[in-house]
Amino acid sequence: MKTIIAGASGFIGQHLCSMLKSIGDEIITLSREDFITGKFDLLVHKLNGADRIFNLAGAPLNRRWTREYKKEIFNSRIQTTAKLVAAINEQPTPPSLFVSTSAIGYYPSDGAYIENAEVYTPTFLAYICRKWEKEAEQVTPQTRLVITRLAPVLSTDGGIFPPLASLFRYGLGGKIGSGKQAFPWIMLTDLLRIYRFIIEHTELKGVLNCSAPDITDNALWAKSLGQELRRPVLWTIPPYLLRAILGERSVLLTEGQHAIPYKLEKNGFTFEYTNICDALDRLCEKKSDITSHVLEY
Ligand SMILES: NC(=O)c1ccc[n+]([C@@H]2O[C@H](COP(=O)([O-])OP(=O)(O)OC[C@H]3O[C@@H](n4cnc5c(N)ncnc54)[C@H](OP(=O)(O)O)[C@@H]3O)[C@@H](O)[C@H]2O)c1
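Criteria and cut-off values
- Once a new chain begins, its residue numbering starts again from 1 and follows that chain's sequence as written.
- Note on the predicted model: pLDDT of at least 70 is required for a residue's local features to be given, and 80 or more for side-chain atom pairs to be given and counted; whole-chain, interface and lining totals, by contrast, use all residues.
- Hydrogens and waters are ignored; side-chain quantities use all the structure's heavy atoms.
- UniProt positions are given in the numbering used here, feature names are shortened, and annotations may be inferred rather than shown by experiment.
- To be near a molecule or strand, a residue needs just one of its heavy atoms within 4 Å of it.
- Whenever a nitrogen or oxygen atom comes within 3.5 Å of another N or O atom, the pair is scored as a polar contact, on the condition that within protein one atom can donate a hydrogen and the other can accept it, and that pairs from neighbouring residues in sequence are kept only if both atoms are in side chains.
- Note that accessible areas follow from Shrake-Rupley with a 1.4 Å probe, and for residues the cover is restricted to the protein chains shown.
- In this text, helices come from DSSP runs of H or I with a minimum length of four residues, and strands from runs of E with a minimum of two, each type numbered from the N-terminal end.
- Gly falls in the polar group here, along with every residue not listed as nonpolar (Ala, Val, Leu, Ile, Met, Phe, Trp, Tyr, Cys, Pro) or charged (Asp, Glu, Lys, Arg).
- Scored from 0 to 100, pLDDT reflects the predictor's confidence in each residue.
- The contact criterion used is simple: two residues touch if any of their non-hydrogen atoms lie within 4.5 Å.
- Whether a residue is buried, partly exposed or exposed follows from its accessible area with a 1.4 Å probe, protein chains only, as a fraction of its type maximum: under 20%, in between, or over 50%, in that order.
- Strand pairing is assigned whenever DSSP detects at least two bridges linking the two strands.
- With strands facing away from the observer, any crossover in which the path from the first strand over the helix to the second runs clockwise is taken as right-handed.
- This arc describes the spread of directions from the helix axis toward the C-beta atoms.
- Interaxial angle, 0 to 180 degrees, is taken between N-to-C directions of lines fitted to C-alpha atoms, where a helix line uses only the stretch in contact.
- Roughly parallel refers to an angle under 35 degrees, roughly antiparallel to one over 145, roughly perpendicular to one between 65 and 115, and oblique to any angle outside these ranges.
- Should the near helix be turned anticlockwise from the far one by less than a right angle, the crossing is termed left-handed; should it be turned clockwise, right-handed.
- To form a nonpolar core, buried Ala, Val, Leu, Ile, Met, Phe, Trp, Tyr and Cys residues must be joined to one another through side-chain atoms within 4.5 Å.

Named according to an unreviewed UniProt entry, the protein is TIGR01777 family protein originating from Coprobacter fastidiosus NSB1 = JCM 33896. UniProt, in its Sequence similarities (unreviewed entry) section for the protein, records the words "Belongs to the NAD(P)-dependent epimerase/dehydratase family. SDR39U1 subfamily."

Now the structure itself:
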């Protein structure tokens, strides 16, 4: 199978490439260079004959959200997706599958939500997610569209776990505010298993919440990580302090959404990691996902 991956050089993209290569796919990677103005014809050419396309492109969120950088967060997702979709729609034989990314920041921070919940969340992240999904939905109906609304992905190789675990190792970890806000997560190995499940279950389409099924709140996460690393969890970190240090992006830590993976489970997907203690047990074994994941999915 010829598979195209946009955002292939990133944390998730690299693991997705290894997983797809292990099942025999021929991979063609796209970087931001492929989306610059004036290169559309080349993009259309690169997509020619592709069987499936994965869209993981997006500027990182863990930088200060200045007005300028917010534009980059927006353009790197929405314009990139729009160009990718336009290039797919130009194909004489479009790919059978297009997997585009979104995030559970789509939902409000209170309540629990399944995929078809009708919500309007008035935050920057939710706005990005809505626009990101809208662009993906413009893909030709000849292509099966799956939109993965991702929770923060836990792995020893990237994402939020390594920096947060370092803070806890230095005794600087703690719950944030009341600790009652959701702490959503999904293990990288489960996400890779979901990508494979999507490929194999050709009846699956539309939005999928990709978040571990158990409810974890911030206090439970902090207590469990402290226990796993054998470090005291002494602090309660006030949200205003994070806001002062991190600016607007502090919402990534002070708020959390509870997304229920209803469609995945209804269609027979079983998560290997459902509770945070098992996940942390695995992550704190210090096995790198780079060397171990090929064996796991
Ligand atoms: N990791 C998570 O926990 C998580 C959770 C929810 C949603 N997501 C979303 O999932 C996607 C992949 O996440 P990740 O953790 O793998 O991200 P990542 O490591 O930051 O990689 C992002 C990819 O996007 C591309 N990119 C960066 N800036 C770009 C720009 N200005 N224009 C076009 N492409 C750009 C990069 O490709 P080049 O440098 O090669 O151009 C890179 O390969 C992102 O869109 C992210 O928002 C991730």
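Still to come is the rest of the account.
Enquirer: Describe in detail the site of the ligand, supporting the description with residues and values.
Expert: Around the ligand there are 21 residues in total, and S9, F11, R32, R77 and V153 lie nearest to it. In this structure, G7 approaches the ligand through a main-chain N or O atom, which is 3.2 Å from an oxygen atom. Take R77: an N or O atom from its side chain is 2.7 Å from an oxygen atom of the ligand. Coverage of the ligand by the protein amounts to 81% of the 890 Å² it exposes when considered alone. Mapped onto the shell around the ligand, the elements with two or more residues apiece are α1 (11-22) and α3 (67-89). Its residues placed into classes, the shell around the ligand shows 10 nonpolar, eight polar and three charged.

Enquirer: Give a description of the confidence of the model for the protein that names residues and reports values.
Expert: Chain-level statistics for the protein give a pLDDT mean of 94 and a share of 96% at 70 or above. Counting interchain partners and residues more than four positions distant, the pLDDT-below-50 stretch residues 290-297 has 18 contacts.

Enquirer: Please set out the environment of L16 residue by residue, giving values where relevant.
Expert: In this structure, L16 sits in helix α1. On the basis of relative accessibility, which here comes to 0%, the residue L16 falls in the buried class. Along the sequence, L16 and L188 sit 172 residues apart, while their C-alpha atoms lie 9.8 Å from each other.

Enquirer: Which residues make up the pairing of strand β1 (residues 2-6), and what values do they have?
Expert: For β1, the buried fraction is high: five of the five residues fall into the buried class. Every second residue of β1 is oriented toward a common face, with K2, I4 and A6 on one face and T3 and I5 on the other, all of them buried. Note: β1 against strand β2 (residues 26-30), five bridges, orientation parallel. Along β2, the bridge assignment pairs A6 with L30. Following the chain from β1 across α1 to the adjacent parallel β2, one finds a crossover that is right-handed.

Enquirer: With reference to specific residues and values, describe helix α11 (residues 276-283).
Expert: Turning to α11, its buried residues are I276, A279, L280, R282 and L283. For α11, the angular spread of the buried residues around the axis is 160°, confining them to a single face. Its side-chain oxygen 3.1 Å from the backbone nitrogen of C277, N275 forms the N-cap of α11.

Enquirer: Just give me the short version of the packing of helix α5 (residues 161-169) against helix α7 (residues 218-228), but keep the residues and values in it.
Expert: Across the interface, α5 lies against α7 with an axial gap of 10 Å and an inter-helix angle of 70°. As summarised for this structure, α5 and α7 are arranged roughly perpendicular, according to the angle between their axes. Relative to α7, α5 is oriented so that their crossing is right-handed. The segment α5 lies against α7, with F161, L164, A165 and F168 engaging W221, A222, L225 and G226. Looking at side-chain class alone, the contact of α5 with α7 contains seven nonpolar, one polar and no charged residues.

Enquirer: Summarise the nonpolar core; cite the residues concerned and give the values.
Expert: In terms of nonpolar packing, the biggest core is built from 38 residues, with I5, L16, Y195 and I198 touching the most fellow members. Excluding residues within four positions of it along the chain, L16 makes contact with I5, F54, L56, L192 and Y195. Core analysis: the next-biggest nonpolar cluster, separate from the first, contains 20 residues, A6, V44, L47 and I147 among them.

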